[in-house]
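# Per-entry structural report
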Amino acid sequence: MKFVDEFRDASLGRAVAAEILSLVEPGRHYKVMEVCGGHTHSIYKYGVDDLLPANVELVHGPGCPVCVIPMGRVDDGIAIARQPGVIFTCFGDMMRVPGSEGSLLEAKAAGADVRMVYSPLDALRIAKQNPDREVVFFAIGFETTAPSTALTLKRAKAEGVANFSCICSHVTIVPPLRALLESPDLRLDGFIGPGHVATVVGARPFEFIPADYGKPLVVAGFEPLDILQSIVMILRQLAEGRREVENQYARVVPYDGNLRALEVLGEVFELRPHFEWRGLGFISHSGLRLSEAYAELDAELRFEVPGVRVADPKACQCGEVLKGVIKPWECKVFGTACTPERPIGTCMVSSEGACAAYYNFGRFAREREVV
Amino acid sequence: MTPSPAPSYACTGEHCITCSDEGVPMIVLGAARGGLALCADQEGRTHTVETTLLEAAPVGGRVLVHADVAIAALPGELGR
Ligand code: SF4
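Residues numbered from 1 in each chain as written. Chains lettered and ligands numbered in written order. Predicted model: local features only at pLDDT ≥ 70, side-chain atom pairs only at ≥ 80, totals over all residues. Heavy atoms only, no water.

With that settled, consider the overall build of chain A. In terms of helices and strands, chain A carries 15 helices and 13 strands. With the C-alpha coordinates of chain A rotated into their principal frame, the extents come out at 65 × 45 × 40 Å. The buried share of chain A, taken over its 371 residues, is 63%. The long-range fraction of contacts in chain A, counting pairs at least 24 apart against all pairs at least 6 apart in sequence, stands at 78%. Entry remark: accessible area of chain A is about 13,500 Å², with carbon and sulfur atoms responsible for 52%. On chain A, the mean spot of the 39 positive side-chain charges and the mean spot of the 47 negative ones are 1 Å from each other. (Helix = DSSP H or I, 4+ residues; strand = E, 2+ residues; numbered from the N terminus. Buried < 20%, exposed > 50% of the residue type's maximum accessible area, 1.4 Å probe, protein only. Contact = heavy atoms within 4.5 Å. Areas by Shrake-Rupley, 256 points an atom, 1.4 Å probe, with all protein chains shown as cover. Lys, Arg positive; Asp, Glu negative; His and termini not counted. Charge placed at Lys NZ, Arg CZ, Asp CG, Glu CD.)

Structural data, given as structure tokens:
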């Protein structure tokens with residue numbers, strides 16, 4: 001485990017932290033958004049933020065696909081799951097996301113055949129094992145996960161698995177970042193870019209952030225030292241007056257991404273004109289649906305779904321958390337009415353959600369020495 | 001840097017694979033057939049992995065896997 005240990009070495013971590021301290025201007029407050037939920041999780045799991053000076057604030061972005069699924073989409077999934085003869089499959093955390101009348105887990109308890117899978121290929125396997133049942137996969141995730149769904153749909157089509165279909169809620173990372181940057185209530189100094197999304201799309205799609213908004217973005221790996229190193233790179237850009245996309249995770253991420261994956265995505269999916277994000281509203285060209293060539297495998301065409309927009313519960317402040325406007329503990333129901341066991345909002349569902357990360361790692365408030 | 005204990009309620013282990021943007025390093029154990037190869041993770045668990053997105057996935061090679069699809073070839077030793 002030499003590879004991983006190097007990236008978790010505490011003394012190296014302290015050395016990088018000292019470098020961070022040397023790069024910050026006293027009296028200036030820095031806000032850096034980590035886009036990806038995996039980074040949020042690592043930051044609180046390893047106490048990365050404890051190594052930062054008080055004037056470097058990490059803001060948690062919209063990179064947890066479970067957290068951004070709106071209630072109406074959950075209702076659509078439940079409506080399909082309740083149909084007779086359907087086996088409804090999804091990733092584990094998706095089962096606990098609340099819709100307007102409960103979650104998929106509750107639908108399962110009430111008799112629907114809802115099954116957790118680890119990949120779309122697992123769902124296809126279930127379809128092949130149950131030719132007399134309709135098997136539906138609830139596809140969620142950013143560009144890291146979408147190729148897996150795309151390849152499974154290609155396989156289903158090639159093998160003629162007619163009882164398999166997919167309700168597609170895949171989303172793309174660039175449009176919500178642009179929406180956040182346009183948001184007047186958010187001031188950010190830079191971004192820690194999503195490492196594995198970039199493995200697929202590359203670092204190039206993020207170039208609009210320095211070009212159009214004058215902010216640095218550093219694509220980063222997920223180990224504590226990766227994250228600290230990416231913060232050094234962001235602060236160094238700010239100190240030197242540069243605004244660029246840099247790739248801290250070059251050991252895995254090619255600057256132009258995985259071209260084969262991008263080709264498959266282009267074949268199987270097309271952009272929806274609009275897609276609703278929980279707390280962020282409708283964002284143009286931010287969601288994927290099946291292309292015409294794969295329409296026969298589209299569960300939204302095969303089954304009747306309500307397709308209704310449902311407002312979030314009044315108490316829910318996930319939108320503000322997702323935009324980094326408030327910290328999780330500032331939500332009125334954090335840790336009281338809303339807990340990982342009984343989530344009101346989606347940010348409390350996945351362990352990568354900002355609220356769950358704060359709750360699980362005891363971050364009920366944050367007070368640090370001011371530099 | 002010592003990790004805090006993993007959340008006890010988690011239904012799928014420590015991570016949600018989509019939300020954590022997860023990539024699991026694996027080693028290729030068997031040559032791909034029909035685009036699928038047998039791979040093993042760091043704990044020795046075996047998985048059938050789609051390798052068609054890579055130019056090559058030679059036996060003994062290391063790959064980064066997300067939701068049973070290899071999305072990148074990895075250099076050197078295993079890591080997350
Ligand atoms: S505490 Fe619950 S309701 Fe409040 S922002 Fe977090 S997930 Fe949403």
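When helices and strands are tallied, chain B shows zero helices and five strands. Reading chain B from its N terminus to its C terminus gives the helix and strand order β-β-β-β-β. Within chain B, buried positions represent 54% of all 80 residues. In chain B, the proportion of contacts linking residues at least 24 apart, taken out of those at least 6 apart, comes to 35%. Total accessible area on chain B stands at roughly 3,400 Å², and carbon and sulfur atoms take up 53% of it.

The next subject is the side chain of A:Gln317. All names here are of chain A. Its place among the elements puts Gln317 in the loop between helix H13 (299–302) and helix H14 (318–322). With relative accessibility at 15%, the residue Gln317 sits in the buried group. Among all residues touching Gln317, those that are not within four sequence positions of it are Ile326, Glu330, Cys331 and Lys332.

Bringing the packing of aromatic side chains into the picture now. Residues and elements named next belong to chain A. Taken as a whole and judged by the stated rule, the model has eight aromatic pairs over all chains. Ring plane angle 80° and centroid distance 6.2 Å describe the contact between Phe222 and Tyr249, whose orientation is recorded as edge-to-face. Remark: Tyr249 occurs in the loop between strand E9 (245–247) and helix H12 (259–268) and Phe222 occurs in the loop between strand E8 (217–220) and helix H11 (224–240); sequence separation between them is 27 residues. The exposure classification of Phe222 matches that of Tyr249, with both residues buried. By way of ring pairs, the aromatic residues Tyr44, Trp329 and Tyr358 are connected into one cluster. Between Lys157 and the ring centre of Tyr294, over which it is positioned, the NZ or CZ distance is 4.6 Å. (Phe/Tyr/Trp six-rings, centres within 6.5 Å; stacked < 30°, edge-to-face > 60°. Lys NZ or Arg CZ within 6 Å of the ring centre and 35° of its normal.)

Okay, the domain arrangement of chain A next. All names here are of chain A. Structurally, chain A comprises domain 1 (5–64 + 185–247), domain 2 (71–173 + 276–302) and domain 3 (318–368). For domain 1 and domain 2, the distance between their C-alpha centres works out to 33 Å. In this assembly, 10 residues from domain 1 lie in contact with seven residues from domain 2. Interface area for domain 1 against domain 2, summed over the two sides, is near 610 Å², with a carbon-plus-sulfur share of 85%. Connecting domain 1 to domain 2 are zero salt bridges. There are one residue pair in polar contact (both at pLDDT 80 or more) connecting domain 1 and domain 2. Contributions of two or more residues to the side of domain 1 that touches domain 2 are made by strand E2 (56–63) and helix H9 (195–201). A total of four residues in the side of domain 1 that touches domain 2 trace back to one element, the largest contributor, which is H9. When the residues that make up the side of domain 1 that touches domain 2 are grouped by side-chain class, the tally is eight nonpolar, two polar and no charged. (Domains from an automatic or database assignment. Buried area = accessible area lost by both parts, 1.4 Å probe. Salt bridge = Lys/Arg side-chain N within 4 Å of Asp/Glu carboxyl O. Polar contact = N/O pair within 3.5 Å; in protein donor to acceptor, adjacent residues only side chain to side chain. Nonpolar A, V, L, I, M, F, W, Y, C, P; charged D, E, K, R; others polar.)

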